[in-house]
Amino acid sequence: MEILSSLAQGFAVALAPANLLWCFVGVLLGTVIGIMPGLGPPATIAMLLPLTFQMTPAAAMIMLAGIYYGAKYGGSTTSILLNVPGESASVVTCLDGYQMARKGRAGAALGIAAIASFVAGTVGVLGLMLVAPPLARFALAFSSPEYFGLMTLGLALVVLLAGRSVIKALLAALVGLWIASMGTDLFSATSRFTFGQMELLAGIDFIVVAIGVFAIGEVLANIALREGTQLLPVPKGLRNLLPTWQDLKDCRFAFLNGSVVGFLVGVLPGGGSTIASFLSYGLEKAVSRRRGQFGTGVIEGVAAPEGANNSETGGALVPLLTLGIPGSGTTAILLAALVLWGFKPGPLFIPENPTLFWGLVASMYLGNAMLLVLNLPLVPAFAQVLRLPVYVLYPLIFGVSMVGVYSVSGSPFDLALLAAFGLLGYLMRKLDYPTAPLILALALGAGLERALRQSLMMSGGNLAILVERPIAAVMLSLALVVLLIPLVGRLNAWRLRALEPDGG
Amino acid sequence: MNATVRALVLATIAAAAPAVHAQGFKPTRPIEMVVHTGPGGGNDVLARAIAAMIEKEKLAPVRMQVVNKPGGNGNVFVAYVAEKRGDPHTLGLFTGNMITNMLISTEVKVTLRDLTPIARLVLEPAVIAVKADAPYKTLADFIDDAKKRPGQLKQSGGSITSRDNVVRQLLMRSTGAQWAFISFPGGGERIAALLGGHVNMMVIEPEEAGEHIRAGNMRVLAQVSERRLHGFPNVPTLKEAGFDVPVVPQVRGVVAPPGIPKENVQYWEELFRKLTRTASWQKYLAENQFEDGYLTSAELAAFFDGFSDRMREILGAAGIKTVR
């Protein structure tokens, strides 16, 4: 029961009035920057770093962590309401979240995002508290061949994300892989597809493509449809705006899936919340009985990825705090912060600073509860955005998209790219190409290529390394199963038809 | 070695010079300190630390604000500073990688050499580390094993143009040993690959290695620096370990837009000279195990030339095409 006494000690730290206040400030700030596309947690934390020198390290750590996980709550808001992903981890939330909003269920989508975030966020902290050290060793067993397996599994989900035509989905995925290959190659320092443009030397930012193809493309397509100026339906009354019992029941598995997948991917230094959200969405779809309805506004399609990207935070803190290894931009700046405060993050950090660690863990339980209380009442308020007439709403989406992209890089070139990808998104809709495979392939492409080439460099060019290592082999087998599911389904349908005497 | 002597001579001359410093210029609006990373990147953190120190030590009459210009492997940053031609209130932080990048990118129209050198500030040494349970006790052990099994041993590191690979190239050339270099984009992944036993060796920053050594997970074989670092009094430098290869530090420092007046250059030079003499700066260097790398404007210009020549040669030997 050592954990219980440690945790009690942690709550003593986290419940100190000043720390409680900083925790609230952190999660509130996190929610705000999460809602605004563009400005993300790393930028906010970096800008607030000088302020933290006036605070105790515990208070500072509690606040900065609050910004980190708080931003994951807010990230879904613009995805659901405007089809503008607030951050890369919320891209996949657009797929079903925005469709729910179009059907008048924006409130339920926002509500379930908050609830899933709370459930999975809390599970993530539990994981961090209970299994951090053994899991850190598991994370070290993961290297390039295992990542290759993981990314392949993710990419296999393209087939599941396909609409009516698998060929069109694969073509879209190829374009995504092509965009992912742009920029300076890490291994040979060669420029690829830069077209002589200096700005393309570092490749194209994922979020620019996602906002362009999803948000701008969608608006352009809607304008072209001349849908008129009717408003999107928004039900009246708080009760009708929040998720129903049925919704919660539908999401039972999604909560579990998001919590577990998010945490495990978060623990891997080469993982990240984007991959976590895509994987849990794909898993949700693969096992769902209403697989065919995904992408049309299924509530599990919001709950799983939103849960995963919150649980990922708890996971990502595992290698950071137990090994001093950051896996993402945000954990890297948290690491820098710890060093600036005079700590030595590394394998001895937790044993030598138990109060700080347990105080942080306790504050994360409190912070997640605060976020739920903070976010649920915001749902009805945000849902009202959809009452805006389209001549206000569409320019608003354009504005939010442009601000989001510009605030990341401050580069006019990225705005031009945004416009170009908006046009691409429009054309894809017109020609009935699914956009999700392009985005997923782009999100995974660079990592997939890198993992493959690293593996081959490790093995001296021998492909066997990909199947000789057990974890990698399991991942690749799973990918194979995922690819076979639709085939089996089709065979089954064909068999049924053949069995029926009148050919039905 | 010649460059060091020249640098020393120049330093002596420069040390006498500040007496006549810059009456002509004083900043009147906030100083823009441009960096090539997003918030949280190496130079961003350094720039924010510098801004805080300048304010704390009251070294300038105005505030310094950090402006992030990420993208294009640092080239967007260079182009932005270059466009501020003649602007007396803009500065930028460079890293040595920008010199390497300009040598290999045809896309780049303006380079770091088009900007006005102001001061070199930091030298970041490195150490060569292996996992604690590895059979290698000295760098020579590792090199011998690599000779026995050419191409079998592995090193994790950053991009192929990074300092990690330059150190490897220099060691391989001077010993005839061969081992593989596996690039990982994130520092965390490089360490994880070593600790997980997926690679055999890495070149790592001393501060990062420190905790893994204390926890008994890593062992340091040699240090890539001219003198022994205070954190590693018992670890030989490359030269002491019997490998007489040039020490390639990671450098950071300050540049300004092209075409700024002479008194402007002198003012910045003096500002950063004063900064590097403050207790806060020395403490910052010690905490991060950086070395004081202060060079004046003229010395930095010479350093740029020498560094480019050396990198061109190393890249060429590694089979990477240089374009200028």
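In this text the structure is predicted, and so the values were computed from the model without any measurement.

Draft legend 1. Fine view of the sheet that holds strand β7 (residues 180-183) of chain B. Residue and element names in this part refer to chain B. What the 5 strands build is an open sheet, ordered β7-β6-β8-β5-β9; its pairing is mixed. Either end of the sheet is taken by a strand with one partner, and the two such strands are β7 and β9 (218-224). Recorded for the sheet is a direction-independent mean angle of 30° between the axes of neighbouring strands. The sheet contact formed by strand β5 (residues 126-131) and β9 spans 6 bridges and is antiparallel. Among the inter-strand pairings, Ala-129 is bridged to a residue of β9, identified as Val-220.

Draft legend 2. Inspection of helix α4 (residues 57-74) of chain A at higher detail. Taking 1.5 Å per residue as the helical rise, α4 of chain A with its 18 residues ought to reach 26 Å, and the 26 Å between its terminal C-alpha atoms agrees with that figure. Burial of α4 of chain A is extensive: 17 of the 18 residues sit out of reach of the surface.

Draft legend 3. Region of the structure containing the interface of chain B and chain A. Facing 45 residues of chain B, the contacting portion of chain A comprises 47 residues. Secondary structure elements with two or more residues in the side of chain B that touches chain A: α2 (42-56), α3 (75-83), β7, α7 (187-195) and α8 (206-214) of chain B. At 6 residues, the largest contribution of residues to the side of chain B that touches chain A is made by α7 of chain B.

Draft legend 4. Focus on the environment of Phe-77 of chain B. Residues and elements named next belong to chain B. Within the fold, Phe-77 resides in helix α3. In this structure Phe-77 comes out as buried when scored by C-beta crowding, with 28 C-beta atoms within 10 Å. Counting along the chain gives 34 residues from Phe-77 to Thr-111, while the straight-line C-alpha distance between them is 9.9 Å. With near-sequence residues (within four places) excluded, Phe-77 lies in contact with Val-34, Val-35, His-36, Lys-69 and Gly-92.

Draft legend 5. Seen up close, the confidence of the model for chain B. Residue and element names in this part refer to chain B. Of all residues in chain B, 93% attain a pLDDT of 70 or more, and the chain-wide mean is 87. Low confidence marks residues 1-22, where pLDDT is under 50. Its contacts with residues over four positions away, or in another chain, come to 17 contacts. Confidence metrics for the complex model read pTM 0.83 and ipTM 0.82.

Draft legend 6. Highlighting the sheet that holds strand β3 (residues 90-95) of chain B. Residue and element names in this part refer to chain B. Ordered by their spatial adjacency, 6 strands build an open sheet running β2-β1-β3-β10-β4-β11, and the pairing between neighbours is mixed. A single partner strand is all that each edge strand has here, and the edge strands are β2 (64-68) and β11 (291-295). Direction aside, neighbouring strands of the sheet carry axes that sit 25° apart on average. In this structure, strand β1 (residues 31-35) lies alongside β3, joined through 3 bridges in parallel fashion. By the bridge assignment, Val-34 is partnered in β3 with Gly-92. α2 rests against β1, β2, β3 and β10 (250-256) of the sheet, and its axis sits at about 170° to β2.

Thresholds applied
Residues numbered from 1 in each chain as written. Chains lettered and ligands numbered in written order. Predicted model: local features only at pLDDT ≥ 70, side-chain atom pairs only at ≥ 80, totals over all residues. Pairing = 2+ DSSP bridges. Helix = DSSP H or I, 4+ residues; strand = E, 2+ residues; numbered from the N terminus. Axes fitted to C-alpha atoms, helices over the stretch in contact; angles between N-to-C directions. Expected span 1.5 Å × (residues − 1). Buried ≥ 20, exposed ≤ 12 C-beta atoms within 10 Å, placed from the backbone. Contact = placed C-beta atoms within 7 Å. pLDDT = per-residue confidence, 0-100.

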